[in-house]
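Structure assessment
Chain by chain, the residues:
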Amino acid sequence: MQRISLLRVVSVGVAIFFFAAIASTAQTKPAATKDQAALRVVLAGLVHGHASGFFDQFQHRADLQVVGIAEPDRQLAAQFAKRYGLEAGLFYSDLEETLKVTHPQAVLAYTNTYDHRRVVEICARYGIPVMMEKPLAVSVEDAHAIEKAAREGKIQVLVNYETTWYRSNQAAYDLAHENAIGEIRKVVVHDGHEGPKEIGVGPEFLAWLTDPKLNGAGALFDFGCYGADLMTWLMDGRRPDSVTAVTQQIKPDIYPRVDDEATIILTYPKAQAIVQASWNWPFSRKDMEVYGQEGYAITVARDELRVRLREKDEKLIEAKPLAPPYDDSVSYLRAVVLGGLKPVGPSSLETNVIVTEILDAARRSAAAGKTVPLAQAH
């Protein structure tokens, strides 16, 4: 297999395909300056493991200011305060009180998934946009309630997926939508890791990940949402015609209340997706295979993909950097809140209502052992 960069493709014919599909001018995000208006945010909850990732990645950005943290667990709050050098005055026990005192421009939700509806309904009353960690909700009922609250409060609701910021996924999307690999026929998405307990997530995170009420399911919701989100994006927001799912408890001694293995099959008029969500992979993975009529694009971690066109050899390609504000969640949130950018694609509420419909149908399919049809409107 030959390894190349998109900046130099040996074959002129292949270059035409690749550059037409992926080439958006490479840009790097300028460093934040103190002159930039900092987006004032409140964190709702700290029980989601991604809250640590937020502080590791974004705490010292000049274009972002954390003005409050609503976390009722005082011990957990104290742990974060010590670990990240946070002032005691940032912490509150109640979200609504936090909003009244701090007047943020946006809220970042790091609660369990069940509490997403409550967070959005509170923020909607104050006209404050919300970005939450994936998935949107534990049920279709909650997803539609979030949609209703967002509409009535005239706020944006975004869902943050790690994979949204993978340049490899964007490159695969571009290849498909510029018709470089032909019309999509099959997509296979793999997401997961060895298991939340096995990789050592914090006790506050593990407690709700393994609770069917607070998480919606186990691996089915925790990692099935990635594939459902990517496929909905690839299919331009079209709901699948049907959902079929199989779940297992391979490790019932560790995860007695939820599934740890799930496979979801989505059907469309001319395409099919297979979403493989697992807490049983030998290592962490988030990758996707997109097969078209004329070739395929297979992502390799964040930055690379393997591409093969009909009658051509496979090539390992380095995808170009994502242009701001599409390169990270905070830049995107700023563009939506301060710049009026309309959310579309993987982060949008519209896409993620469909994702919840898919996950809800998958849960019902696995329980009943039969395929569940999805209506094309709700």
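Structure's up top.
Computed from a prediction, not measured in an experiment: that's the story for all the values here. Position numbers for residues count from 1 along each chain, tracking the sequence in the order it is written. In view of the model being predicted, local features appear only for residues whose pLDDT reaches at least 70, and side-chain atom pairs are presented and counted only at 80 or more, with totals across whole chains, interfaces and linings using the full set of residues. Water and hydrogen atoms were dropped before computing side-chain values, which therefore reflect all heavy atoms in the structure.

This part takes up the environment of Glu-261. Within the fold, Glu-261 resides in strand 10 (residues 261-268). A C-alpha to C-alpha distance of 7.0 Å links Glu-261 and Leu-220, two positions 41 residues apart in sequence. We call two residues in contact when some of their heavy atoms are within 4.5 Å. Ignoring anything within four residues of it in the chain, the contact list for Glu-261 reads Ala-219, Val-246, Thr-247, Gln-248, Ile-250, Ala-277, Ser-278, Trp-279 and Asn-280. Within the structure, the side chain of Glu-261 is placed 2.9 Å from the side chain of Asn-280, a separation counted as a polar contact. Helix and strand assignments follow DSSP, with helices taken as H or I runs no shorter than four residues and strands as E runs no shorter than two, numbered in order from the N terminus. Counting of polar contacts relies on pairs of N or O atoms within 3.5 Å, with two restrictions inside protein: one atom must be capable of donating a hydrogen and the other of accepting it, and residues adjacent in sequence are counted only when both atoms are side-chain atoms.

Before going further, it helps to spend a moment on the pattern of salt bridges. One side-chain nitrogen of Lys or Arg within 4 Å of one carboxyl oxygen of Asp or Glu is enough to make a salt bridge. In this structure the tally under the stated criterion is 24 salt bridges. The residue Glu-357 makes a salt bridge to Arg-239 at a minimum N-O spacing of 2.6 Å. Here Glu-357 is found in helix 13 (residues 349-368), whereas its partner Arg-239 is found in the loop between helix 11 (224-234) and strand 9 (242-248), with 118 residues between them in sequence. Under the scheme applied here, a residue whose accessible area is under 20% of the maximum for its type counts as buried, over 50% as exposed, and between as partly exposed, the area being computed with a 1.4 Å probe on protein chains only. Residue class for Arg-239 comes out buried when judged on its relative accessible area of 10%.

Here the focus is the environment of Pro-343. Tracing the backbone through its elements, the reader meets Pro-343 in the loop between helix 12 (329-337) and helix 13. The buried category is assigned to Pro-343, whose relative accessible area is 10%. A C-alpha to C-alpha distance of 8.7 Å links Pro-343 and Val-157, two positions 186 residues apart in sequence. Not counting the four nearest positions on each side in its chain, Pro-343 is found in contact with Gln-156, Leu-158, Tyr-332, Val-336 and Ser-348.

Tracing the backbone shows Asn-352 in helix 13. A distance of 2.9 Å separates a polar atom in the side chain of Asn-352 from the backbone oxygen of Pro-346. Separated by 2.8 Å, the side chain of Asn-352 and the backbone oxygen of Ser-348 make a polar contact. Sequence-distant contacts of Asn-352, that is, excluding residues within four places in its chain, are made with Leu-136, Val-159, Tyr-161, Asp-229, Pro-346 and Ser-347.

Before going further, it helps to spend a moment on helix 13. Across its 20 residues, helix 13 extends 28 Å between first and last C-alpha, which sits within 8% of the 28 Å expected from 1.5 Å per residue. Where burial is concerned, most of helix 13 is hidden: 14 out of the 20 residues are buried. Downstream of helix 13 by a residue or two, Gly-369 has a phi angle that is positive, lying close to 70 degrees. To estimate how far a helix should reach, multiply one less than its number of residues by 1.5 Å.

Let's shift gears to the sheet that holds strand 6 (residues 130-133). Each pair of strands is called paired provided DSSP finds at least two bridges between the two strands. Taking strand neighbours across the sheet as the criterion, the six strands line up as 4-3-2-5-6-7 in an open arrangement whose pairing is parallel. Each end of this open sheet is capped by a strand with a single partner; those strands are strand 4 (91-92) and strand 7 (157-160). In this structure, strand 2 (residues 39-44) lies alongside strand 3 (residues 64-70), joined through six bridges in parallel fashion. Each residue of the ladder has a partner; that of Val-42, found in strand 3, is Gly-68.

What follows is about helix 3 (residues 74-84). All of the buried residues along helix 3 are Leu-76, Ala-77, Phe-80, Ala-81 and Tyr-84. Buried residues of helix 3 fall within an arc of 140 degrees about the axis and therefore sit on the same side. Exposed side of helix 3, more than 90 degrees from the buried face: Arg-74, Gln-75 and Lys-82 are the residues found there. Where helix 3 is buried, its residues meet helix 2 (50-58), strand 4 and helix 8 (203-209). Near the N-terminus of helix 3, the side chain that reaches the backbone nitrogen of Gln-75, with its oxygen 3.0 Å away, is that of Asp-73. The positive-phi residue at the C-terminal boundary of helix 3 is Gly-85, with phi of around 65 degrees. Arc definition: directions from the helix axis to the C-beta atoms.

Most of strand 11 (residues 271-278) is tucked away, with six of its eight residues classed as buried. The pairing of strand 8 (residues 184-192) with strand 11 spans seven bridges and is parallel. Looking at strand 11, one finds that Gly-192 is bridged to Ser-278. Sheet topology note: the strand 10/strand 11 ladder contains eight bridges and is antiparallel.

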